[in-house]
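# Structure at a glance
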Amino acid sequence: RGIDNKRGRWPHSSGIFLLDVSLVQERSSARCDQDDLSEEDDSQAQRDKDFLAELRENKEGNDSGYYDDQYINAFFKETLMSSRCQNQGFILDGYPKKYDHAKELFAPDEDSEEDTVAKYNTLIMPDVVISLEAKDDFLKERVMTFPESLVATDPRYSEEGFLTRLAQFRRLNVEDETVLNFFDELEVHPEHINVEDDNTPSTPKTIAAMKKLIGEPRNYGPTKEELEEIRRREAQEKLQRETAERIERERQERLERENREQREAAWQARLAEVHRQEQEVLEVRTAPLRNYLMQHVMPTLNQGLIEAIKARPDDPIDFLAEYLFQHNPIVG
């Protein structure tokens, strides 16, 4: 049908939740498990208060905290027949648990000729059935590695809760009429994957094996709501990215400006130091010359200038030269 419909069966704590999330995100398919459906259908049943009261009474009367099988099967069938599951496919997680559950859930529609021939509901029958398998010792060791926070908040992962669920799973899958037998009889042959070969938290080998069995995604892409969410998220990420880039750009500009000011200040300091050193060298080198001029030249020269000012000769240069020649202290 061009739709990805998968059904999985696996023992408790085999890591299926991570696998579900990976496949659902890649394929935009619906993930259906008993916990999610129980909560979802409570809100859908608001239109019928009598039915809602009946459901609540039934749920409260069960020690398991779930509805009776007839209600659960109805919930699953309604969900699998929904537009999203029919258009985008689904991954059915951990249900049905019994042969009778599967027989009732996938019972053929009496008004459908195709269902009558196939002996099952062709609209919701999975295309691929996968069974994840592992020995009890492996599962026990795996649960022991779970963080204490998870074990403390989820009784399913406590020692008692896990062993009870594992024993129930084993008990349901040793009889002749198992869920896998149901699919096998209808020529929808289950595929078996041993998860013991992939003892890592992210289970990459198991995910790759499941993707190989399922094949490439063949759904119709995201829904309108999902597209809006993608656009909203992209716009938010773009705004965050632009804000971060602007802040980083301003920081870089500030750093460059501070570095430039520091370099200019350092250059000015070095330039001043060079001038100071040059001045000191010049003073040291010219000291003998100044002393010589002050001792032997300047006294006579100053007196000659004074006399030139007094006399105001027509040729002051010649007058000054004659005065220096006549009053040379060395010659005199």
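Whatever comes next refers back to the structure up there.
Keep in mind that this is a model prediction, so the values were computed, not measured.

### Overview of the pattern of salt bridges
- As enumerated under the stated definition, the model contains 6 salt bridges in all.
- Connected through shared salt-bridge partners, Glu229, Arg232 and Arg233 make up one network.

### A look at the packing of aromatic side chains
- Evaluation of the coordinates by the stated rule reveals 5 aromatic pairs.
- Measuring from centroid to centroid gives 5.8 Å for Tyr99 and Phe182, while their planes differ by 90°, and the two rings are edge-to-face. Of this pair, Tyr99 sits in helix α6 (residues 99-105) while Phe182 sits in helix α11 (residues 179-185), and the two are 83 residues apart along the sequence. Take Tyr99 and Phe182: they sit in the same class, and that class is buried.
- Every member of this aromatic cluster is reached through a ring pair, and the members are Tyr99, Phe106, Phe182 and Phe183.

### Overview of a positive patch on the surface
- Where like charges cluster on the molecular surface, the positive patch consists of Arg254, Arg257, Arg260 and Arg263.
- Locating Arg254 in the fold gives a position in helix α13 (residues 224-311).

Quick notes on the rules
Residues numbered from 1 in each chain as written. Predicted model: local features only at pLDDT ≥ 70, side-chain atom pairs only at ≥ 80, totals over all residues. Heavy atoms only, no water. Salt bridge = Lys/Arg side-chain N within 4 Å of Asp/Glu carboxyl O. Phe/Tyr/Trp six-rings, centres within 6.5 Å; stacked < 30°, edge-to-face > 60°. Helix = DSSP H or I, 4+ residues; strand = E, 2+ residues; numbered from the N terminus. Buried < 20%, exposed > 50% of the residue type's maximum accessible area, 1.4 Å probe, protein only. Patch = residues over 30% accessible without salt bridge, like charges linked within 9 Å, V, L, I, M, F, W, Y side chains within 5 Å. Areas by Shrake-Rupley, 256 points an atom, 1.4 Å probe, with all protein chains shown as cover. Lys, Arg positive; Asp, Glu negative; His and termini not counted. Charge placed at Lys NZ, Arg CZ, Asp CG, Glu CD.

Such coordinate-based values are descriptive only and should not be taken to indicate function.
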